[in-house]
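Here are the chains, one letter per residue:
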Amino acid sequence: MNVRRLVEPLALVIALWAGPVESQVSFQNLGALPMGDSPSWVTTGDFNDDGVLDLIVANHGSHDVSIAMGIGDATFATSSVFTVGGAMPPHPFSLVTGDFDGDGHLDVLSTDFGNHQVSWLRGDGAGALEPPVHFAVGDSPLGVTTADFDQDGLLDLATADSNTNTVSILFGNGLGSFTPGTSYPVGSMPVAIDHADLNNDGTLDLAVANSTSSEVSILLGDGSGEFVAAAPITGILFPASLTIADVDQNGTADLVLANNSSGTVTVLFGSGDGTFTTPTTVATGAGPRSVAVADLDEDGYLDLAVANSESDNVSILVGDELGGFTLSTTIPVGLEPWSIWAADLDDDGHTDLMTADEEGDSATILRNVSFDVSLFIRGDVDGDGDILINDAVLILAYLFSSGTIPCVDACDYDDDGQVLVNDAVLELAFLFSAGGAPALP
């Protein structure tokens with residue numbers, strides 16, 4: 001059977017209206033690292049002062065945190081476990097890191113929604129965490145952020161207290177202790193919190209995602225550690241996370257929220273005065289719970305990586321110069337990813353990703369291989385190491401059936417900078433009609 005004779009007429013018809021598809025970012029799944037029971041948060045830091053990023057995860061099911069020491073190549077040693085402690089079984093949910101006692105070593109601060117407190121675990125600089133010291137906040141804190149809110153040069157804390165519908169402020173003394181400040185009412189069931197200068201007055205403000213009331217609370221800081229509530233932003237359907245970044249690069253802070261129940265991400269563009277534009281939504285996978293913001297394809301524009309807890313994958317949304325986003329690819333990870341973090345894990349200058357997989361009791365590492373030609377085979381669309389007829393089928397599925405693939409650049413068989421039906425035709429010709437080999441990487 002002459003496969004080329006069968007395919008070319010179809011290619012000619014659909015090529016009349018097929019447009020180019022830009023090449024996009026690619027990741028290699030390095031597998032899952034075992035963690036504790038039900039990990040809900042993942043972040044990075046250098047906990048043993050060796051200059052290599054390590055991984056830390058909050059395990060709300062096993063009441064502890066896990067630290068896996070980085071090797072420097074995006075792989076990690078077996079994790080060590082440290083209890084969060086508390087009168088009732090602790091439930092660490094989210095984490096921040098910082099040198100809270102001024103000893104030059106990285107510490108960890110965890111929310112504990114089972115004991116209505118935050119727990120400070122002092123780092124010893126050798127990779128271990130000392131027994132926790134606890135500080136009371138509102139009921140069931142889920143989100144936490146750290147910054148110098150009163151401009152005294154010391155790190156402070158702000159928590160999103162989901163049961164009391166408040167934000168608690170704690171002022172650090174630079175020695176590992178915190179003094180409670182004012183508690184501020186926000187919307188119903190605040191789940192996430194972040195900080196930035198939202199109104200360009202030189203002082204830090206807070207944005208809070210309220211899940212049940214489907215809104216965002218804005219607290220404008222005065223530089224002394226006190227805050228004033230601005231008008232809330234409504235119409236955000238059940239947000240699960242909130243991240244602040246200047247996604248349209250106009251010098252003002254924008255908000256990015258994962259909307260767990262609607263399968264979308266919402267972007268709110270800041271006006272520079274503490275107000276925001278009408279929400280813009282972008283489709284993701286099912287059950288998005290967390291968003292990492294970084295320039296993943298290094299084109300100068302910020303991109304989004306979204307952890308989808310119900311579809312067990314990560315959506316990569318590439319950004320443009322106006323703050324718009326387009327789905328690039330979807331990458332399978334562990335079961336029910338609840339949290340995602342972006343960092344350069346192998347010190348190659350490119351941003352990698354990691355997820356905390358709540359149902360999988362693991363952390364999944366995604367290495368950015370967009371710029372690694374040693375792992376790239378042009379025409380090998382599914383990344384299995386071979387060029388087969390299935391790869392040509394995947395090109396057509398990508399173009400016409402919204403198919404997802406690990407590496408879009410592999411579709412560009414002739415390396416002309418765009419993906420067209422002709423790339424599938426050339427690949428079939430190579431397989432069945434002694435056509436030319438794919439272009440070199």
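Residues numbered from 1 in each chain as written. Predicted model: local features only at pLDDT ≥ 70, side-chain atom pairs only at ≥ 80, totals over all residues. Heavy atoms only, no water.

Trainee: So, the overall build of the protein: which residues are in play, and what are the values?
Mentor: Of the regular secondary structure elements, the protein holds 3 helices and 29 strands. Of all intrachain contacts in the protein linking residues separated by at least 6 positions in sequence, the fraction that spans at least 24 positions is 46%. Put simply, the protein shows about 16900 Å² of open surface, and 55% of that area lies on carbon and sulfur atoms. (Helix = DSSP H or I, 4+ residues; strand = E, 2+ residues; numbered from the N terminus. Contact = heavy atoms within 4.5 Å. Areas by Shrake-Rupley, 256 points an atom, 1.4 Å probe, with all protein chains shown as cover.)

Trainee: How would you summarise the pattern of salt bridges if you had to cite specific residues and measurements?
Mentor: Applying the stated criterion across every chain, the model contains 5 salt bridges. Across the pair Asp415 and Arg378 runs a salt bridge whose closest N-O atoms are separated by 3.4 Å. Taken together, the residues Asp415 in the loop between helix H2 (389-400) and helix H3 (421-432) and Arg378 in the loop between strand E29 (362-368) and H2 connect sequence positions 37 residues apart. If you follow the salt bridges from partner to partner, you end up with Asp101, Asp103, Arg122 and Glu130 in one network. (Salt bridge = Lys/Arg side-chain N within 4 Å of Asp/Glu carboxyl O.)

Trainee: I'd like a description of the packing of H2 against H3, backed by residues and values.
Mentor: H3 packs onto H2 with a crossing angle of 170 degrees between their chain directions and a minimal axis gap of 9 Å. As the angle between them shows, H2 and H3 are arranged roughly antiparallel. Where H2 approaches H3, its residues Ile389, Asp391, Ala392, Ile395, Leu396, Leu399 and Phe400 are matched on the opposing element by Val421, Asp423, Ala424, Glu427, Leu428, Leu431 and Phe432. Classifying every residue of the contact of H2 with H3 gives 11 nonpolar, no polar and 3 charged. (Axes fitted to C-alpha atoms, helices over the stretch in contact; angles between N-to-C directions. Parallel < 35°, antiparallel > 145°, perpendicular 65-115°, else oblique. Nonpolar A, V, L, I, M, F, W, Y, C, P; charged D, E, K, R; others polar.)

Trainee: Report on the sheet that holds strand E10 (residues 141-147), specifying residues and quantitative values.
Mentor: Ordered in space as E10-E11-E12-E13, the 4 strands form an open sheet in which the pairing is antiparallel. The open sheet has two edge strands with one neighbour each: E10 and strand E13 (178-185). Between one strand axis and the next, the sheet turns by 20 degrees as a mean value, whatever way the strands run. Where E10 lies against strand E11 (residues 156-161), 6 bridges are found, and the strand directions are antiparallel. Along E11, the bridge assignment pairs Thr146 with Leu157. (Pairing = 2+ DSSP bridges.)

Trainee: Report on the sheet that holds strand E28 (residues 352-357), specifying residues and quantitative values.
Mentor: Here we have 4 strands laid out as an open sheet, ordered E1-E29-E28-E27, and antiparallel in their pairing. Taken across any chain shown, the strands that pair with only one partner, and hence form the sheet edges, are strand E1 (27-34) and strand E27 (337-343). In this sheet, neighbouring strand axes are inclined to one another by 20 degrees on average, regardless of whether the strands run parallel or antiparallel.

Trainee: Give me the lowdown on the side chain of Asn308, citing residues and values where you can.
Mentor: Here Asn308 is to be found in strand E24 (residues 303-308). Once residues within four sequence positions are removed from consideration, Asn308 is found in contact with Thr284, Gly285, Ala286, Gly287, Pro288, Asn313, Val314, Ser315 and Pro337.

Trainee: Could you give me a rundown of the packing of aromatic side chains, with the residues and numbers involved?
Mentor: Scanning all chains against the criterion turns up 7 aromatic pairs. Here a set of aromatic residues connected by ring pairs shows up, and it is made of Phe93, Phe113 and Trp338. For the cation-ring pair, Arg289 lies above Trp338, with the distance from its terminal atom to the ring centre recorded as 3.8 Å. (Phe/Tyr/Trp six-rings, centres within 6.5 Å; stacked < 30°, edge-to-face > 60°. Lys NZ or Arg CZ within 6 Å of the ring centre and 35° of its normal.)

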